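Results of the structural survey
Below, each chain spelled out in residue letters.
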Amino acid sequence: MPGYELWGADERREVEEVLETGVLMRYGFDGPRGGRWKARELEAELCRALGSRHAQVVSSGTAALTTALAALGVGAGDEVVLPTFTFVASFEAVLSVGAIPVLADVDDTLTLSPEAARAALTPRTKVVMPVHMCGAMADLGAFQALCDEKGLWLLEDACQAVGGTYRGRALGTIGKAGCFSFDFVKTITCGEGGAVVTDDEEVWRRCDQYSDHGHDHLGADRGGNLHPFLGYNFRISELHAAVGLAQVRRLAGFLDTQRRHKAALRAALERTAGVTFRRLPDPEGDSASFLSFFLPDEGRARAAAAAMKAEGLPAMYWYDNNWHYIRRWDHLKQAATMTRWPEEVRRVLSGLAGKAFPASDAVMGRAVSTPVNLAWSEAQVANRAEKLSRAVRSVL
Ligand SMILES: *Cc1c(COP(=O)(O)O)cnc(C)c1O
């Protein structure tokens, strides 16, 4: 799953090159940097790896989401539809541009349900933001059709799914824009970092400007001092970009390993009556960073996660987890009482406190995930597969 497992000579060499010049900043200092532009190179490599026209590397995945929303012109009073199962950063980004997060159910893909998203639309909706959770895709065909029909932006939160595809195209490149995280636990890492990708030159230009105080970046040494767009500072440093540059070049290899390891874990549960797997709208495109499956009911899902942990296997029972699922996002629900939010934001957040999501609960209450690591030996994979099978069978 995370690239940090395979930190090595390539990463060290790229960082070393930055240390040799001492130019730790991604913009300007054109002379002293001696032709080394790690952030720019990382952007070019991402475009190549993902088949995107433009990429803007920034300081985190959260910064990428915020930058993309700002570049799409999303702000006060606008609504963004996103799923009840995601990382808290997704709604933080929406709130940070002054917009309103509207949560809608997930289905057995563990991502936003297209029907639930449709039902959540209002005249204020500007963006539909599915989140490709745990390495695999939302039903992008359905979301494209919905956004085209309603004239909305499709923004992909692909922070957990770099390298995944949908019908042959990279996740993140199918919507108007897509966002990635390269924090320390994602498939490839910069230490901290993120990126927005888009085919739209104007959206990219606004991302480029927004993430560096709105500077226009025209000309040498960071350009003239015009500010065509009001911005902020979400710059990545050259040191972080250097790590990411080495990592993105290894992405294809990471994915091969991940897929091989996941197939072995999955095979161990394949013929277990009572176990079903997360539905993948395009199984070929799974980045395979997690194995996610369902037990027949909440009691047995919780017990399976506990049995896995007893065997020494990491097990995520998201339903009880306050980083990723609405049920325990008390801080979001309580934000409704904060006077700093405009009335219209508080109205929606206060609605969340008492709101039930039975369709999401029915899925998430039965779901268990386990991460797929890169550094496992073949013997460790086999051993883990055996433990997984034993743990899950013990509760059925
Ligand atoms: C990790 C993550 C983010 C945020 O990325 P950071 O780089 O940690 O800020 C956003 N969305 C999802 C779904 C994530 O998993």
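Overview of the structure. (Residues numbered from 1 in each chain as written. Predicted model: local features only at pLDDT ≥ 70, side-chain atom pairs only at ≥ 80, totals over all residues. Heavy atoms only, no water.)

**A short note on the overall build of the protein chain**
Selection rule: Under the DSSP-based scheme used, a helix requires at least four consecutive residues in state H or I and a strand at least two consecutive residues in state E, with every element numbered from the N terminus. Each residue is assigned to one of three classes by its accessible area relative to the maximum for its type, calculated with a 1.4 Å probe on protein chains only: buried under 20%, partly exposed between the two thresholds, exposed over 50%. In this description, contact between two residues means that some pair of their heavy atoms is separated by no more than 4.5 Å. Positive: Lys, Arg. Negative: Asp, Glu. His and the chain ends are not part of the count. Charge placement uses NZ in Lys and CZ in Arg. For Asp and Glu, CG and CD serve respectively.
Tallying secondary structure elements over the protein chain gives 14 helices and twelve strands in all. Here the C-alpha coordinates of the protein chain stretch approximately 65 × 50 × 35 Å along the principal axes. Counting every position in the protein chain, which comprises 396 residues, the buried fraction comes to 57%. Considering only contacts within the protein chain whose residues lie at least 6 apart along the sequence, 68% involve residues at least 24 apart. Side chains of the protein chain give 45 positive and 49 negative charges; the mean places of these two sets differ by 3 Å.

**Overview of the packing of aromatic side chains**
How we decide: Geometry of aromatic contacts follows a simple scheme: Phe, Tyr and Trp rings, the Trp one being its six-membered ring, pair when their centres are within 6.5 Å, and the pair is stacked under 30 degrees between planes, edge-to-face over 60, tilted otherwise. Whether a charge sits over a ring comes down to the Lys NZ or Arg CZ being within 6 Å of the ring centre and within 35 degrees of the ring normal.
Taken as a whole, this structure holds ten aromatic pairs when the rule is applied. The interplanar angle of 65 degrees and the centroid separation of 6.2 Å between the aromatic rings of Tyr210 and Phe229 together place this pair among those described as edge-to-face. Placement of the pair is Tyr210 in helix α7 (residues 201-210) and Phe229 in the loop between α7 and α8 (238-249), with a sequence separation of 19 residues. What links up through ring pairs into an aromatic cluster is the set Tyr210, Phe229, Tyr232 and Phe234. Residue placement shows Lys186 over the ring face of Phe87; its charged tip is 5.9 Å from the ring centre. Above the face of the Tyr319 ring, Arg327 is positioned so that its terminal group lies 3.9 Å from the ring centre.

**Points about the environment of Asp216**
By secondary structure assignment, the location of Asp216 is in the loop between α7 and α8. Sequence-wise, Asp216 and Phe229 are 13 residues apart; in three dimensions their C-alpha atoms are separated by 8.2 Å.

**Here's the deal with helix α2 (residues 38-50)**
Which entries qualify depends on this criterion: Here the expected span of a helix is defined as 1.5 Å times the quantity of residues minus one.
Compared with the 18 Å implied by 1.5 Å per residue over 13 residues, the 18 Å span of α2 between its first and last C-alpha is a close match. For α2, the set of buried residues is Lys38, Ala39, Leu42, Glu43, Glu45, Leu46, Cys47 and Leu50. Where α2 is buried, its residues meet α1 (9-21), β1 (54-58), β7 (169-170), β8 (177-181), β9 (194-198) and α8. Phi for Gly51, located one or two positions after α2, is positive at around 75 degrees.

**Some words on the site of the ligand**
Spelled out, the test is: Being near a molecule or strand, for a residue, means having at least one of its heavy atoms within 4 Å of it. Think of a polar contact as two N or O atoms within 3.5 Å of one another; within protein, one of them needs to be a possible hydrogen donor and the other a possible acceptor, and neighboring residues in sequence only count if both atoms come from side chains. Per-residue and other accessible areas were derived by the Shrake-Rupley procedure at a 1.4 Å probe size, with only the shown protein chains allowed to occlude residues. Three categories are distinguished: nonpolar for Ala, Val, Leu, Ile, Met, Phe, Trp, Tyr, Cys and Pro, charged for Asp, Glu, Lys and Arg, and polar for the others, with Gly belonging to the last.
Taken together, 16 residues lie around the ligand, and Gly61, Thr62, Ser181, Asp183 and Lys186 are the ones closest in. Between an oxygen atom of the ligand and a side-chain N or O atom of Thr62, the distance comes to 2.5 Å. The side chain of Lys186 places a nitrogen or oxygen atom 3.2 Å from an oxygen atom of the ligand. When the free accessible area of the ligand is taken as 380 Å², the share hidden by the protein chains comes to 93%. Here the element with the most residues in the shell around the ligand is helix α3 (residues 61-71); it accounts for three residues. Taken together, the residues of the shell around the ligand sort by class into five nonpolar, eight polar and three charged.

**Considerations on the sheet that holds strand β11 (residues 290-294)**
Applicable threshold: Pairing between strands requires that DSSP locate at least two bridges from one strand to the other.
Judged by pairing direction, the sheet is antiparallel, and its three strands sit side by side in the order β10-β11-β12 without closing on themselves. Among the strands making up the open sheet, the edge pair consists of β10 (276-277) and β12 (367-371). Of the strand pairs in this sheet, β11 and β12 are connected by five bridges, and their pairing is antiparallel. Across the sheet, the residue bridging to Phe290 is Pro371, located in β12.

Everything listed here is a matter of coordinates, which is why it stays silent on function.
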